[in-house]
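The lines below spell out each chain.
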Amino acid sequence: MLDRILFLFAEGFRNLLRHKLTVFAAIFSVFMTMIIIGSLLIIGKNTNKLIFYLRSKYKIEVFFDAEMSKRDALKLVEDIGSIEGVRNTTFIDKENATRIFEKQFGENILDYIDRNPLPMSCVVNVNRTGDFELDIFPIVKKINALEGVDNVEHQGKLIQRIEDYHNRFTKLFFICSIIIIGITITIIYNTIKLTIYAKKDLIQDLHIIGATNTFVKVPFLIEGVLQGLIGSSVAFIFLSIALKIGNGLISQFAAITIRMDPAAASVMLLIGILISFIGSFLSVSRFLP
């Protein structure tokens, strides 16, 4: 039994060495496929981090009527905090508004007028957990409906734009991955087909001496798996080196680090082996019934 297993693996390795040009084409196609998929995985992962960071910065600024008392304003802040989707609120009274104005514009407004014209307000932070799109317009609508609210400033359009671009990238990532995987499977399919044609006489001899169909097919499947393993491994090493060099260059201009998911290696190897196995299996099933 062990001898048979060793023979099958040895045949799979020999197939790689016997048909160097076609095998190189298959391995290179897997390599390019995994470079693209790996790059998309890295971009997608870091884009998600950026989206989560921006979500943490989403806020709504609510300005109250100028004549409202502080007591009524505090009650209004409590009402805003009870709205579904609101995480917390920060109340800004007239004194704090004056300090904020002076910090932003470098002048104290009370130096020019006796009465503080700045309205009281509050900053509203919204819930940001989960991968769902953040829709703040229902919250804004409820805040606007409260009595005593003069104006609401928010980043709704910016939020929608960011989320829209993120969704478009996710869809593009999925479509590109499917197309690239389909092309690679086709190349693996044709590579194994050429190998089968080249070994037609040997296959007939094996059948004559009583070899089963499974025994004949396994070396070709092993060949396909090895192509996927080699191509995806080289692609991961290449991406790791490129990422290290790229981060070194980026660090000279900005404090940004592009990271690769620790599971990326496993994912790339799995995808590379899987698409190679599918391509070789389809070819074997078609030409070695």
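The structure under discussion appears in the preceding block.
Residues numbered from 1 in each chain as written. Predicted model: local features only at pLDDT ≥ 70, side-chain atom pairs only at ≥ 80, totals over all residues. Heavy atoms only, no water.

Chemist: Would you explain the overall build of the protein in this entry?
Modeler: Scanning the protein from N- to C-terminus turns up nine helices and four strands. For the protein, the α and β elements follow one another from N to C terminus as α-α-β-α-β-α-β-α-β-α-α-α-α. In the protein, which comprises 289 residues, the share counted as buried stands at 36%. Summed over all atoms, the accessible surface of the protein reaches about 17,600 Å², with 64% contributed by carbon and sulfur. (Helix = DSSP H or I, 4+ residues; strand = E, 2+ residues; numbered from the N terminus. Buried < 20%, exposed > 50% of the residue type's maximum accessible area, 1.4 Å probe, protein only. Areas by Shrake-Rupley, 256 points an atom, 1.4 Å probe, with all protein chains shown as cover.)

Chemist: Quick question: what am I supposed to make of the sheet that holds strand 1 (residues 59-64) here?
Modeler: Pairing between sheet strands relies on hydrogen bonds along the backbone, with the strands arranged either parallel or antiparallel. Spatially, the four strands line up as an open sheet ordered 2-3-1-4, and their pairing is antiparallel. Among the strands making up the open sheet, the edge pair consists of strand 2 (86-92) and strand 4 (149-154). Mean inter-strand twist for the sheet, computed between neighbouring axes without regard to direction, equals 20°. Seen against the sheet, helix 3 (residues 70-81) touches strand 1, strand 2, strand 3 (121-126) and strand 4 and runs at an angle of roughly 165° to strand 2. The strands touched by helix 5 (residues 137-144) within the sheet are strand 1, strand 2, strand 3 and strand 4, with strand 4 carrying the most contacts at an inclination of about 165°. (Pairing = 2+ DSSP bridges. Axes fitted to C-alpha atoms, helices over the stretch in contact; angles between N-to-C directions. Contact = heavy atoms within 4.5 Å.)

Chemist: Help me understand the nonpolar core, please; the structure alone is not making it clear to me.
Modeler: In a soluble, globular protein the nonpolar side chains are often hidden away together inside. Ranked by internal contacts, the top residues of the largest apolar core, which has 26 residues, are Ile196, Val216, Phe220, Val284 and Leu288. Taken together, the elements giving at least two residues each to this core come down to helix 2 (20-56), helix 6 (156-198), helix 7 (200-208), helix 8 (213-250) and helix 9 (264-287). Contact partners of leucine 288, with chain neighbours within four places excluded, come to Ile196, Ile203, Val216, Lys217, Phe220 and Ser283. Among the nonpolar cores identified, the runner-up in size contains 24 residues, and Val62, Leu76, Ile80 and Val140 belong to it. (Core = buried A, V, L, I, M, F, W, Y, C linked by side-chain atoms within 4.5 Å.)

Chemist: How should the packing of aromatic side chains be read in this particular structure?
Modeler: To describe a pair of aromatic rings, one takes the distance between the centres and the angle between the planes. According to the stated counting rule, one finds four aromatic pairs in the structure shown. Between phenylalanine 31 and phenylalanine 238, the ring centres sit 5.8 Å apart and the planes meet at 75°, which makes this aromatic pair edge-to-face. Taken as a pair, phenylalanine 31 in helix 2 and phenylalanine 238 in helix 8 lie far apart in primary sequence, 207 residues in all. With relative accessibility at 15%, the residue phenylalanine 31 sits in the buried group. Measuring from ring centre to ring centre gives 5.9 Å for phenylalanine 277 and phenylalanine 281, while their planes differ by 20°; the resulting arrangement is stacked. Placement of both phenylalanine 277 and phenylalanine 281 in helix 9 is noted, with a separation of four residues, approximately one turn of the helix. Note on phenylalanine 281: relative accessible area 42%, which makes it partly exposed. Grouped by ring-pair contacts, the aromatic residues Phe24, Phe28, Phe31 and Phe238 constitute a single cluster. (Phe/Tyr/Trp six-rings, centres within 6.5 Å; stacked < 30°, edge-to-face > 60°.)

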